[in-house]
Number of protein chains: 2
Amino acid sequence: MPTTHLAGPILVLGTGLLGTSVGLGLSQRGLSVWLSDPSPTAQTVAQDIGAGTVIVPGKPLAPELVVVAAPPDVTVAVVAQALCDYPMSTVVDIASVKGSILAGVQSDPRITAAHLARYVGTHPMAGRERSGPASARSGLFTSMPWVICAHSGSRGDAVKTAEALAIDLGATVSRMNAVEHDDSVALISHFPQVASSLIASRLLSAPGHSLALAGNGLRDTTRIAASDPSLWIQILSHNAGALVPILRGMREDLERLIGTLADPTASGALLDLAELMGEGNAGQARIPGKHGAPPQAFALVTVVVKDKPGQVAALLADVGNAGINMEDLRMEHSAGHQVGLVDISVIPGRREELITVLSALGWKVVQ
Amino acid sequence: MPTTHLAGPILVLGTGLLGTSVGLGLSQRGLSVWLSDPSPTAQTVAQDIGAGTVIVPGKPLAPELVVVAAPPDVTVAVVAQALCDYPMSTVVDIASVKGSILAGVQSDPRITAAHLARYVGTHPMAGRERSGPASARSGLFTSMPWVICAHSGSRGDAVKTAEALAIDLGATVSRMNAVEHDDSVALISHFPQVASSLIASRLLSAPGHSLALAGNGLRDTTRIAASDPSLWIQILSHNAGALVPILRGMREDLERLIGTLADPTASGALLDLAELMGEGNAGQARIPGKHGAPPQAFALVTVVVKDKPGQVAALLADVGNAGINMEDLRMEHSAGHQVGLVDISVIPGRREELITVLSALGWKVVQ
């Protein structure tokens, strides 16, 4: 049984995807977990898949930690109630927005400074395009960032307990205040989400012969447009203040682009397009890659594989046998094909060696 | 030596990424390829890496096919000149826009109906985020769509020769007229490109602690923002007519979104957000997946792997040994981690079986 930083018991309020995943992860680490959800079905499903034990109404509980995993629009109420119901417990929430939740809890008439000292807002940067307890995964938080937003009145031991939750679930702790958090997720999560939806919306009336030409560019830019609207409308509405300025910035660029393309022969038009593309290059280059390396830091080796069981495995076995670590892997295929391309990212210094090895082994390396 | 539909010789005018890749692919299939480029360096590099033989000025040539692989802004001039210089040859171009090229060639004073009969516009849907002959790959067109845009005056044998080029390079032939093509690529290629640049541009002034939280959502939506501006400004300016209406549609949605988020508590605001997200869901669902299957058609199995050589290979070997075909594979990792998650897509009917097999073999399947 792995050792944990939490001692337990832990009470999870809300057994949706995230709450149930928290319960599963902590239970599998040997901690005692209690579950509660307004939906009898949801809490029973969560218990049935091993996320913990549904609490018995009226039975007194003294949890070390209460994890509020309710939808954003009821999180404030549930946090405030939990702070009152469990006077010895640290209470954390895991909603994707932090400023509005903290403000709401602070302004609750029942909540004193003593209550607030035990509250810590947190945000695990993990999720799925599916929801509900049945989609929960004990490893959902593995190697994902978990933001801890201590406020000025948070007690040190409460913050430690919140961080222990993240660490016990295999996440990486990241510390910032609620404003820094909300501005950050607006930019790196909420903005790409709505932008992806805006792109995908344009496909509604597209003819089939156009969509048949779709490549990875369209697939990548629209993948998260498949996300669940019911959760996102709450996230977006709770963080509108941080999101709107970013959208206004995009609108300015879009206006400029439309104006330029309206007369691409006008003087300065091409320069204007080049600037827009150049800004895109520079912005994209700022995103940290795996292990914090910039995306450009890895070299690509592309290999043709047949679309049948074991082909990619055999290829990667040869890569592994060569003692070369694969930093990333990507499969490319277009509709209707029985042959695929596998892009293997390696550190540039090993690229030529890998090409030589694979070619010698009879792999068709695309060059 | 593989058999080919082309007999050759083929003359490639322009030895950038695409022209050199065409030369490499045809040469490796045993066809005789001649090369020419305004840049002595570029054509020498292309010849040195095996794309063909640089033509000798003044020496008469009678190619079966002339492939114009010049930048879009000079394609019309090069095509017209080639139709005059090689009166027996089929002439194709491979520029990403077709309507403006065809109109330009038709309006050239030297060009008669007899010339036009030998011209066929084409567009291989392939490329890289790098350019130049040194980045060329003989397999660049493998399993990619290649659009053949015959015009009303194209001669049948010329169209056959153009299609033979695509087939000999392993591409899939797709037939449509210039307008259908330009509208299609505006939507599925040019629009996602500029949208990705618009998203990435917002990251220019982002604080480091924000970018450190970046996940696959931001990475996927901005990946193609790394593309080469010098080529794209030509493509965008040549297809502005088809692109602008799409951008105006996006601007309308963006305006609506900003208006809604300006007061998310207003009546109807949440419904409006739900509609926007729902339209994104529906649009994304229309993109054909591998083998034409919708993205939703595959089930996901997520496995934790250590970040060291051979791990993913060993995993996929076990998948292959189970006789289960992997439809797609995706590696997830966040900065600073030595553990990664591998998402394996399989047909839903095999998912449970795969989970059972992998778990029995000791793999940590995330569920």
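- Per an unreviewed UniProt entry, the recorded name for chain A is Prephenate dehydrogenase, and the organism is Paeniglutamicibacter gangotriensis Lz1y.
- The heading Sequence similarities (unreviewed entry) in the UniProt record of chain A holds the text "Belongs to the prephenate/arogenate dehydrogenase family."
- Turning to chain A, the UniProt record has this under Pathway (unreviewed entry): "Amino-acid biosynthesis; L-tyrosine biosynthesis; (4-hydroxyphenyl)pyruvate from prephenate (NAD(+) route): step 1/1."

Some points on the overall build of chain A
- Along the backbone of chain A there are 14 helices and twelve strands.
- Principal-axis analysis of the C-alpha atoms places the extent of chain A at approximately 70 × 55 × 40 Å.
- In chain A, the share of contacts with a sequence separation of at least 24, taken over all contacts with a separation of at least 6, comes to 70%.
- Summing over all exposed atoms, chain A offers an accessible surface of approximately 13500 Å²; the carbon and sulfur share of this is 57%.
- Here chain A carries 25 positive and 31 negative side-chain charges, and the mean point of each set is 5 Å from the other.

Remarks on the relation of the copies chain A and chain B
- At an RMSD of 0.1 Å, chain A and chain B line up after a rotation of 180 degrees and a shift of 0.0 Å along the axis. Overall, the copies show the geometry of a two-fold rotation axis. Across chain A, the smallest distance between a C-alpha and the rotation axis is recorded for Thr-221 of chain A, namely 2.0 Å.

Describing the sheet that holds strand S2 (residues 33–36) of chain A
Residues and elements named next belong to chain A.
- Spatially, eight strands are ordered S3-S2-S1-S4-S5-S6-S7-S8 in an open sheet, and the strand pairing comes out mixed. Of all strands in the sheet, those with a lone pairing partner are strand S3 (53–54) and strand S8 (172–175), marking the two edges.
- Relative to strand S4 (residues 65–68), strand S1 (residues 10–13) is paired through four bridges, and the arrangement is parallel. Its bridge partner lying in S4, Leu-11 is registered against Val-66.
- Here helix H3 (residues 72–85) sits on the sheet and contacts S1, S4, strand S5 (90–93) and strand S6 (119–124); the angle it forms with S5, its principal contact strand, is near 175 degrees.

With respect to the domain arrangement of chain A
- Each assigned domain of chain A is listed here: domain 1 (10–177), domain 2 (183–285) and domain 3 (299–366).
- Taking only C-alpha atoms, the centre of domain 2 of chain A and the centre of domain 3 of chain A are 32 Å apart.

Some details on the confidence of the model for chain A
All names here are of chain A.
- When pLDDT is averaged across chain A, the result is 89; 93% of the residues are at 70 or more.
- The low-confidence segment residues 291–296, where pLDDT is below 50, has 18 contacts with residues more than four positions distant or belonging to other chains.
- Both scores are available for the predicted complex, with the pTM at 0.78 and the ipTM at 0.78.

Details of helix H10 (residues 229–238) of chain A
- With seven of ten residues buried, H10 of chain A is to be regarded as a mostly interior element.
- Those residues of H10 of chain A not exposed but buried are Pro-229, Trp-232, Ile-233, Gln-234, Ile-235, Leu-236 and Ser-237 of chain A.
- Turning to H10 of chain A, the residues buried within the fold contact H3, helix H7 (178–201) and helix H11 (240–262) of chain A together with helix H11 (240–262) and helix H12 (269–285) of chain B.

Some thoughts on the interface of chain A and chain B
- Contacts between chain A and chain B engage 127 residues on the former and 127 residues on the latter.
- Between chain A and chain B, the buried area comes to about 11500 Å², and carbon and sulfur atoms account for 68% of it.
- Contact with chain B buries area across many residues of chain A, yet Arg-202, Leu-213 and Met-277 of chain A alone supply 7% of it, more than any other trio.
- Here Asp-253 of chain B makes a salt bridge to Arg-202 of chain A, at a shortest N to O gap of 2.8 Å.
- For the pair chain A and chain B, the interface holds 23 residue pairs in polar contact (both at pLDDT 80 or more).
- If one sorts the elements of the side of chain A that touches chain B by residue count, H11 of chain A sits on top with 16 residues.

Overview of the pairing of S5 of chain A
All names here are of chain A.
- Residue alternation in S5 divides its side chains into two sets, Thr-90 and Val-92 and Val-91 and Asp-93, and both sets are buried.
- Where S4 and S5 come together, four bridges link them in parallel fashion. Within S5, the position partnered with Val-66 by the bridge is Val-91.
- In terms of handedness, the path from S4 via H3 over to S5 forms a crossover that is right-handed.

Considering the environment of Ser-359 of chain A
Residues and elements named next belong to chain A.
- Checked against the element boundaries, Ser-359 lands in helix H14 (residues 351–360).
- Classification of Ser-359 by relative accessible area gives partly exposed; the value is 34%.
- Each C-alpha atom of the pair Ser-359 and Val-303 lies 9.4 Å from the other, and the pair is 56 residues apart in sequence.

Some words on the packing of aromatic side chains
Residue and element names in this part refer to chain A.
- In the structure shown here, the tally under the stated rule is two aromatic pairs over all chains.
- A ring pair is formed by Phe-141 and Trp-146, whose centres lie 5.0 Å apart and whose planes are at 45 degrees; its orientation type is tilted. Trp-146 shares its class with Phe-141; the two are buried.

Notes on the pattern of salt bridges
Residues and elements named next belong to chain B.
- Under the criterion given, the structure shown has 24 salt bridges over all chains.
- Residues Asp-108 and Arg-110 are paired through a salt bridge, measuring 3.1 Å at the closest nitrogen-oxygen approach.
- Here Glu-279 makes a salt bridge to Arg-256, at a shortest N to O gap of 3.9 Å. Of this pair, Glu-279 sits in helix H12 while Arg-256 sits in helix H11; the two residues are 23 residues apart in sequence, bridging distant segments of the chain.
- What makes Glu-279 partly exposed here is its relative accessible area of 24%.

Notes on the side chain of Arg-118 of chain A
Residue and element names in this part refer to chain A.
- Inspection of the secondary structure assignment puts Arg-118 in the loop between helix H5 (113–117) and S6.
- Comment: no salt bridge for buried Arg-118; closest opposite-charge side chain is Asp-157, at 8.5 Å.
- A polar atom in the side chain of Arg-118 sits 2.8 Å from the backbone oxygen of Ser-89.
- Other than its neighbours up to four places away in sequence, Arg-118 contacts Leu-83, Tyr-86, Pro-87, Met-88, Ser-89, Thr-90, Val-91, Arg-155 and Ala-158.

Topic: the sheet that holds strand S7 (residues 145–149) of chain B
- Ordered in space as S3-S2-S1-S4-S5-S6-S7-S8 (chain B), the eight strands form an open sheet in which the pairing is mixed. The strands lining the two open edges of the sheet, one partner per strand, are strand S3 (53–54) and strand S8 (172–175) of chain B.

The rules behind the values
- Residues numbered from 1 in each chain as written.
- Chains lettered and ligands numbered in written order.
- Predicted model: local features only at pLDDT ≥ 70, side-chain atom pairs only at ≥ 80, totals over all residues.
- Heavy atoms only, no water.
- UniProt positions renumbered as here; feature names shortened; annotations may be inferred.
- Helix = DSSP H or I, 4+ residues; strand = E, 2+ residues; numbered from the N terminus.
- Contact = heavy atoms within 4.5 Å.
- Areas by Shrake-Rupley, 256 points an atom, 1.4 Å probe, with all protein chains shown as cover.
- Lys, Arg positive; Asp, Glu negative; His and termini not counted.
- Charge placed at Lys NZ, Arg CZ, Asp CG, Glu CD.
- Least-squares fit on C-alpha atoms with pLDDT ≥ 70 in both.
- Pairing = 2+ DSSP bridges.
- Axes fitted to C-alpha atoms, helices over the stretch in contact; angles between N-to-C directions.
- Domains from an automatic or database assignment.
- pLDDT = per-residue confidence, 0-100.
- Buried < 20%, exposed > 50% of the residue type's maximum accessible area, 1.4 Å probe, protein only.
- Buried area = accessible area lost by both parts, 1.4 Å probe.
- Salt bridge = Lys/Arg side-chain N within 4 Å of Asp/Glu carboxyl O.
- Polar contact = N/O pair within 3.5 Å; in protein donor to acceptor, adjacent residues only side chain to side chain.
- Right-handed = clockwise from strand over helix to strand, strands pointing away.
- Phe/Tyr/Trp six-rings, centres within 6.5 Å; stacked < 30°, edge-to-face > 60°.

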